[in-house]
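Summary of structural features
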Amino acid sequence: MSWDYLLTAFIVCVSPGIGVVYTLSMSLGGGMRAGFWASVGCTIATVFHMLVAMAGLAAVLHTSAVLFQVVKFAGVAYLIWMAWAVLKDRGSMSVMPAAPVPAGRIVWRGILLNVLNPKLPLFFMAFLPQFMPTGAGLGLLAELGGTFSLITFLVFLGYAGLAASGRDALLASDRAMRWLRRAFAASFAALGLKLALARA
């Protein structure tokens, strides 16, 4: 495995997206514990998409316009709901401290948010072959996929730690929390719009 792959995978993972926004919002609302479980959920979804790509199912998704649209708009609807829940400071999507949210619920939300993005398996189908020499087998493909998933988890944990470390200072300012809520809600809504405009 080349250093080029590791560096490229890190850049892809650290780029803000659905998983990053979700992990940051959960970390601010529930601390490092919530951020950890959000990272787990998003990583599980990454593994799922990686397996889909490796099995060639992404090609089916790419050629089936109806299936692509169904998955895509389910994802859009979920992101819009997340934006509304954060903006209204509702329940487990509140960025204000509250009773701990069950780990299973945090993980499940992280999985849903990312599984409902049909572009991810297509991305992996385009990304991974660039780092596979001619004649490489499934062993290398599995190694690349496993490494990418590990990098995803570590990067998300880093984001969770960053958010958790600045949590107390942010919570002490009502104005900062209001703007933070709006920023996260706008981020989820923007990601939903981006997904709505995505083409197979």
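Residue positions are given per chain, counting from 1 as you read along its sequence in written order. Owing to the predicted nature of the model, reporting of local features is limited to residues with pLDDT of at least 70; listing and counting of side-chain atom pairs is limited to 80 or more, with chain, interface and lining totals taken over all residues. Processing note: side-chain calculations cover all non-hydrogen atoms of the structure and skip hydrogens and water entirely.

As annotated in an unreviewed UniProt entry, the protein carries the name Threonine/homoserine/homoserine lactone efflux protein and comes from Paracoccus lutimaris. What UniProt states about the protein under its Subcellular location (unreviewed entry) heading is, verbatim, "Cell membrane". Regarding the protein, the relevant UniProt record gives this comment under Sequence similarities (unreviewed entry): "Belongs to the Rht family." UniProt positions are given in the numbering used here, feature names are shortened, and annotations may be inferred rather than shown by experiment.

Some words on the packing of aromatic side chains
Between the rings of Phe, Tyr and Trp (Trp by its six-membered ring), a pair exists once the centres lie within 6.5 Å; its type follows the angle of the planes, with under 30 degrees stacked, over 60 edge-to-face, and the other angles tilted. Inspection of every chain in the model, using the stated rule, returns 2 aromatic pairs. An angle of 80 degrees between the planes, with centres 5.0 Å apart, marks the rings of Phe36 and Trp37 as edge-to-face. Each residue is placed in one exposure class: buried if its accessible area under a 1.4 Å probe, protein chains only, is under 20% of its type's maximum, exposed if it is over 50%, and partly exposed if it falls in between. Overall, Phe36 belongs to the partly exposed group, its relative accessible area being 31%. On the basis of relative accessibility, which here comes to 29%, the residue Trp37 falls in the partly exposed class. Taken together, the aromatic side chains of Phe36, Trp37 and Phe153 make up a single cluster linked through ring pairs.

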